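# Survey of secondary and tertiary structure
Each chain, letter by letter, is given below.
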Amino acid sequence: MEEEADTGVSSRTERKALEKAKILQRERERKIFRLVGRVLKKPEADRSEEEAAVLLLHGETVEELCKRQVRTNVLKRKQEEVFDDADELKSKVRQLAVAVKQAKHLVVYTGAGISTAASIPDYRGPNGVWTQLQKGRTVSSSDLSKAEPTLTHMCVRMLHKEKLVQHVVSQNCDGLHLRSGLPRHALSELHGNMFIEVCTTCSPVREYVRLFDVTERTSLHRHGTCRRCSHCGSELRDTIVHFGERGTLEQPLNWKGAAEAAKMADVILCLGSSLKVLKKYACLWCMNRPASKRPKLYIVNLQWTPKDDLAKLKIHGKCDEVMSLLMEELNIQIPVYDRAEDPIFSLATPLRQEEVDSHTREVIAPLDGQEDCLPDSGEQAEEATAVQGGWFGRGYGKGRKKKKKAA
């Protein structure tokens, strides 16, 4: 028994000694990395003989730090915004116009870049939500319900009306495609819509369109909105698909419509998307076909995207500017957003009396003279200024933590 006890003590001692040795080794490596890093930052002519000897002694560390610097430089270049000059931009838009006219089945993929003109920040741009969070900065708040469809939204809607665009696949949750007048059957909102809450207990799923952002109390893996279904009494949930989640709702995600549109597409136009998320959805790119039989890809984005090398044409320009030039080439008038015709007012389900104070988000107001169609949301809604959607940027932090643990 004494021998077993001694063996147990010695094994614990050995484990502790081994762990301590690993900690000390890691600390020595960190010190070497810091020392070599400081030397490498100096111009070669300014390095002392002692510092040059340090670099010779730690060749592997020098090689690793040089590789890291190369990766950092590549990443910085990918994040830089590039603008085509005026003549090149017009030339590229003319090529795009030809492709739009000749396309038999054109599908448009949209990202946060088409909503920046509505004062909704993007995610991966220089001032994007995730870019700022990655740098440890706070993200400024804004009431996203105040945004209205941009020129690009209205152009896309008009191109669909003219039968030049067959389907729109959007990553945006801001509901602006729907509010522009684009028919729901022609729209797939892959990551949800901030104005829609649903009852998943009812069969089929029952939908409630609201005139305010329903995501006030929701976040990653927490989708309950605290309001109840008027038919079965179950708690309603938002439709948002956060970073790291998988969307299963038929509407407004409409994955079936997106997949069918991609299958029939001969041209895909990507507007304002980094494509870092969309690239993961193989069904949207017909990757099971030979390269020569896949849809021709046209990209409008200021930054690098992982699909650039596959694109028939990459246009470095702001979406509104490019779409304005495109509509001019196509000789199609751009409609102006008219709040009186916003479909959200006809689709919206009024709150019940007991639900009037269930949110503090600002309500989208109709035109003067139509206020009586809105429920009175009291002083709470009036005081709701500078708030942020519950869907906006959520999931980023947890995604980063998981990534770090995996590393």
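You'll find the structure just up there.
Just so you know, these numbers come straight off a predicted model, no measurement behind them.

## Focus: the side chain of Asn 254
Positionally, Asn 254 belongs in the loop between strand 7 (235–238) and helix 8 (255–264). Looking at Asn 254, the relative accessible area reads 10%, which means it is buried. Within the structure, Asn 254 has its side chain in polar contact with the backbone oxygen of Leu 187 (distance 3.1 Å). With near-sequence residues (within four places) excluded, Asn 254 lies in contact with His 167, Arg 184, His 185, Leu 187, Ser 188 and Leu 249.

## Some words on the side chain of Asp 342
In this structure, Asp 342 sits in the loop between helix 9 (319–330) and helix 10 (344–347). Within polar-contact distance, the side chain of Asp 342 engages the side chain of Tyr 337 at 2.5 Å. Residue contacts for Asp 342: discarding those within four places in its chain leaves Arg 179 and Tyr 337.

## A closer look at the pattern of salt bridges
As a working rule, side chains carrying opposite charge can pair if their charged atoms are close by. The final tally for this structure, using the stated rule, is 17 salt bridges. As a salt-bridge pair, Arg 184 and Glu 207 come within 2.5 Å of each other at their nearest N and O atoms. Highlighted residues: Arg 184 in the loop between helix 7 (176–180) and strand 3 (187–189) and Glu 207 in strand 5 (residues 206–209), separated in sequence by 23 residues. Judged by its relative accessible area of 29%, Glu 207 is partly exposed. With its nearest N and O atoms 3.1 Å apart, the salt bridge here joins Arg 352 to Glu 355.

## Some points on the environment of Ser 358
Mapped onto the elements, Ser 358 comes out in the loop between helix 10 and helix 11 (378–383). Each C-alpha atom of the pair Ser 358 and Cys 226 lies 7.5 Å from the other, and the pair is 132 residues apart in sequence. With sequence-adjacent residues up to four places away left out, Ser 358 is seen in contact with Arg 217, Arg 227 and Leu 351. Only 3.1 Å separates the side chain of Ser 358 from the side chain of Arg 227, close enough to count as a polar contact. A polar atom in the side chain of Ser 358 sits 2.6 Å from the backbone oxygen of Glu 355.

## Topic: empty space enclosed by the protein
Within the structure shown, the criterion is met by 2 cavities of 30 Å³ or more. Lining the second largest cavity are Phe 212, Asp 213, Val 214, Glu 216, Arg 217, Thr 225, Arg 227, Ser 358 and His 359. Across the lining of the second largest cavity, the residue classes break down as 2 nonpolar, 3 polar and 4 charged.

## Things to note about the sheet that holds strand 4 (residues 196–199)
A sheet is described by the order of its strands in space; here 4 strands give the open sequence 5-4-7-6, paired in antiparallel fashion. The sheet terminates laterally at strand 5 and strand 6 (224–228), the two strands that pair on one side only. Across this sheet, the average inter-strand angle for adjacent strands is 35°, counted without regard to direction. Sheet analysis places strand 4 next to strand 7, joined by 2 bridges and oriented antiparallel. Among the inter-strand pairings, Val 198 is bridged to a residue of strand 7, identified as Arg 237.

Each value, and the rule that gives it
Residues numbered from 1 in each chain as written. Predicted model: local features only at pLDDT ≥ 70, side-chain atom pairs only at ≥ 80, totals over all residues. Heavy atoms only, no water. Helix = DSSP H or I, 4+ residues; strand = E, 2+ residues; numbered from the N terminus. Buried < 20%, exposed > 50% of the residue type's maximum accessible area, 1.4 Å probe, protein only. Polar contact = N/O pair within 3.5 Å; in protein donor to acceptor, adjacent residues only side chain to side chain. Contact = heavy atoms within 4.5 Å. Salt bridge = Lys/Arg side-chain N within 4 Å of Asp/Glu carboxyl O. 1 Å grid on protein atoms, 1.4 Å probe; cavity = no way out; pocket = protein on both sides within 12 Å on 5 of 7 lines; lining within 4 Å. Points joined across faces, edges and corners; volume = space filled by probe spheres on them. Nonpolar A, V, L, I, M, F, W, Y, C, P; charged D, E, K, R; others polar. Pairing = 2+ DSSP bridges. Axes fitted to C-alpha atoms, helices over the stretch in contact; angles between N-to-C directions.

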